[in-house]
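Fold and geometry: a report
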Amino acid sequence: MKTLGIIFGNLHDKDVGELTAVRSLASVPFRGRFRLIDFVLPYMVNSGITKIGVITKTNYQSLMDHVGNGKHWDLSRKNGGLIMLPPYGDGDMSVFQSRFATIKNNSQFIRRSDEEYVVISDCDNVCNINLADVIQAHIDNHADITIVTRKKELVNKKPRTIIDTDSDGRVTKVTNTDKELGAHQVFANIFVMNRKFLLNIIENSAEQNYNSFTRDVLARGCSKYRIFAYVVNGYFANIDSLGNYYKHSLELLNKDIRDELFYRDGANIYTKVRDSAPCKIMSSATVTNSLIADGCVIEGEVSNSILFRGVKVKKGAKITNSIVFQGSVIGQNSSLNCVIADKLVTILEGRTLSGHETHPYFIAKSAVI
């Protein structure tokens, strides 16, 4: 099952604008040492996909620094491997605005590949799925398109793509709406297509008036194409707001969730390796139920929090229910509660900052407070 992988690095940047002001969504830090792309790359590689194109748009310098030539994911290869793709294609210098335009603008990359199938994924998901099973289901169903879905309880009126299927899993209706609440089957922003079928869709897009993948190809194609849904189970987090980023980050303080996400049946999640010193917890420190990355120096109190590489917590400082990005310094006798502090933040001595678990307080990169 030779399969080509395509990853969108920027498609949902606006959903977490605080975190993507200086980086792409794909390079948003997560869980102390990882980036969001670190979940997409491994579940592709673990499923046997060895040629992966990453489509960029803006703010992609940190993403390129992180993924490099792909060696940390076994993608540094003479044939295939990791390929960074531009935000526009031959003869078209406009930056993409939709998933379909992105694919269309990079059609030459798809056309020059010889894989039989294409897996396309956004970077807003934190999960560890077996794509080989999805591809096999796609083959068994003789499908034109297989979309990955998950069952979700919708509790707020955010735009979602809701999927209805028959008893065989064939998609009968696709609805883009922000008015539905309750339990629904929701598009997980991952799908599989036959490569030649995808190229045919692209080549005939002007004639068919296709501009959107979900609105035009999926919603209008239910009766025209063989579209099937593949429902994923297990841990799945969608990073579509700052609040959800905070919520799903702190969920990983639960060991059972960590084990399910990072070590599913030996399909581990990998990231770029850095040769940093281990974290140093001083005699004056107290650390409980927290994830502390390498290079941190802790003199104060940390509880129910996530600290990225190289964070310094001075004596008397207290960090609770918070996420502190790489290289930040928390001054003496300062207090953080329900805070997300971006990279290189400096909190001076004696400051008290607090948000709420439903609305964390965000501090921008390199800020001094």
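I will try to describe carefully the structure that is included in this document. (Residues numbered from 1 in each chain as written. Predicted model: local features only at pLDDT ≥ 70, side-chain atom pairs only at ≥ 80, totals over all residues. Heavy atoms only, no water.)

Let's shift gears to the overall build of the chain. For the chain, the helix and strand inventory stands at 10 helices and 30 strands. The C-alpha atoms of the chain give a radius of gyration of 21 Å, which matches the 21 Å a tight globule of 369 residues would have. Its C-alpha atoms put the chain at 65 × 50 × 40 Å along the principal axes. Considering the chain as a whole, with its 369 residues, one finds that 53% of them fall into the buried category. (Helix = DSSP H or I, 4+ residues; strand = E, 2+ residues; numbered from the N terminus. Rg over C-alpha atoms; globule rule 2.2 N^0.38 Å. Buried < 20%, exposed > 50% of the residue type's maximum accessible area, 1.4 Å probe, protein only.)

With that out of the way, let us pick up the packing of aromatic side chains. With the rule as written, the count across this model stands at 12 aromatic pairs. Judged by centre distance (5.7 Å) and plane angle (85 degrees), the rings of F30 and F39 are edge-to-face. The class for F30 is buried, based on a relative accessible area of 0%. For F39, a relative accessible area of 0% translates into the label buried. A centroid spacing of 6.4 Å and a plane angle of 75 degrees characterise the contact between Y245 and F325, whose relative ring orientation is edge-to-face. (Phe/Tyr/Trp six-rings, centres within 6.5 Å; stacked < 30°, edge-to-face > 60°.)

So, about unusual backbone geometry. In this model, R31 sits at a positive phi of 60 degrees, which is unusual for a non-glycine residue. Examined against the element boundaries, R31 turns out to sit in the loop between strand 2 (29-30) and strand 3 (34-35). Judged by relative accessible area, which is 18%, R31 ranks as buried. One non-glycine residue, N333, lies in the positive phi region at around 60 degrees. Summarising the element assignment, N333 is placed in the loop between strand 25 (329-330) and strand 26 (335-337).

Bringing the sheet that holds strand 22 (residues 312-313) into the picture now. Strand order across the open sheet formed by 5 strands is 16-19-22-25-28, with parallel pairing between neighbours. Of all strands in the sheet, those bounded by a partner on one side alone are strand 16 (280-281) and strand 28 (346-347). Where strand 22 and strand 25 come together, 2 bridges link them in parallel fashion. Bridge pairing in strand 25 links K312 to V329. (Pairing = 2+ DSSP bridges.)

Membership of the largest hydrophobic core comes to 33 residues, with the highest contact counts inside it found for I110, I145, I147 and F213. If one sorts the elements of this core by residue count, helix 6 (residues 195-203) sits on top with 5 residues. Apart from residues no more than four positions distant in its own chain, I145 is found in contact with H138, V192, M193, F197, F213, V217, L218, R226, I227 and F228. (Core = buried A, V, L, I, M, F, W, Y, C linked by side-chain atoms within 4.5 Å. Contact = heavy atoms within 4.5 Å.)

As a further point, take the sheet that holds strand 23 (residues 318-320). As summarised here, the arrangement of the 5 strands in space is 17-20-23-26-29, forming an open sheet in which the pairing is parallel. Taken across any chain shown, the strands that pair with only one partner, and hence form the sheet edges, are strand 17 (286-288) and strand 29 (352-354). Strand-to-strand twist across the sheet, computed as the mean angle between neighbouring axes with direction ignored, equals 0 degrees. Bridging between strand 26 and strand 29 involves 3 bridges; their strand directions are parallel. Of the residues in strand 29, the one forming a bridge with L336 is L353. (Axes fitted to C-alpha atoms, helices over the stretch in contact; angles between N-to-C directions.)

Counted according to the given criterion, the structure contains 10 salt bridges. The salt bridge involving D114 is made with K2; its shortest N-O contact spans 3.4 Å. With D114 in the loop between helix 4 (107-111) and strand 6 (117-121) and K2 in the segment before strand 1 (3-8), the pair connects residues that are 112 residues apart, well separated along the chain. Exposure remark for D114: the relative accessible area of 56% places this residue in the exposed category. A salt bridge links R99 to D122; the shortest N-O distance between them is 2.6 Å. Remark: D122 occurs in the loop between strand 6 and strand 7 (125-127) and R99 occurs in helix 3 (residues 99-105); sequence separation between them is 23 residues. (Salt bridge = Lys/Arg side-chain N within 4 Å of Asp/Glu carboxyl O.)

Turning next to the pairing of strand 9 (residues 160-165). Where strand 9 lies against strand 10 (residues 171-177), 6 bridges are found, and the strand directions are antiparallel. Counted as the bridge partner of R160 is T177 from strand 10. Linking two consecutive strands that pair antiparallel, namely strand 9 and strand 10, is a turn of 5 residues; a positive phi of about 90 degrees is found at G169 within it.

For helix 10 (residues 255-262), every residue scored as buried is listed here: I257, R258, L261 and F262. Down the axis of helix 10, the smallest arc covering the buried residues is 110 degrees, so these residues share one side. A side-chain oxygen of the first residue of helix 10 lies 2.9 Å from the backbone nitrogen of D256; this N-cap is N254. (Arc of directions from axis to C-beta. Polar contact = N/O pair within 3.5 Å; in protein donor to acceptor, adjacent residues only side chain to side chain.)

A few words on the environment of Y117. Relative to the elements of secondary structure, Y117 occurs in strand 6. Look at Y117 and you get buried, because its relative accessible area is 7%. Taking the C-alpha atoms as reference points, Y117 and N130, 13 residues apart in sequence, are found 15 Å from one another. Contact partners of Y117, with chain neighbours within four places excluded, come to K2, T3, L4, I135, H138, I139, M193, N194 and R195.

With that settled, the discussion passes to the side chain of N10. Following the sequence through the fold, N10 ends up in the loop between strand 1 and strand 2. Within the local environment of N10, its side chain forms a polar contact with the side chain of D13, the two groups lying 2.8 Å apart. Setting aside residues up to four positions removed in sequence, N10 forms contacts with S24, I55, T56, K57 and T58.

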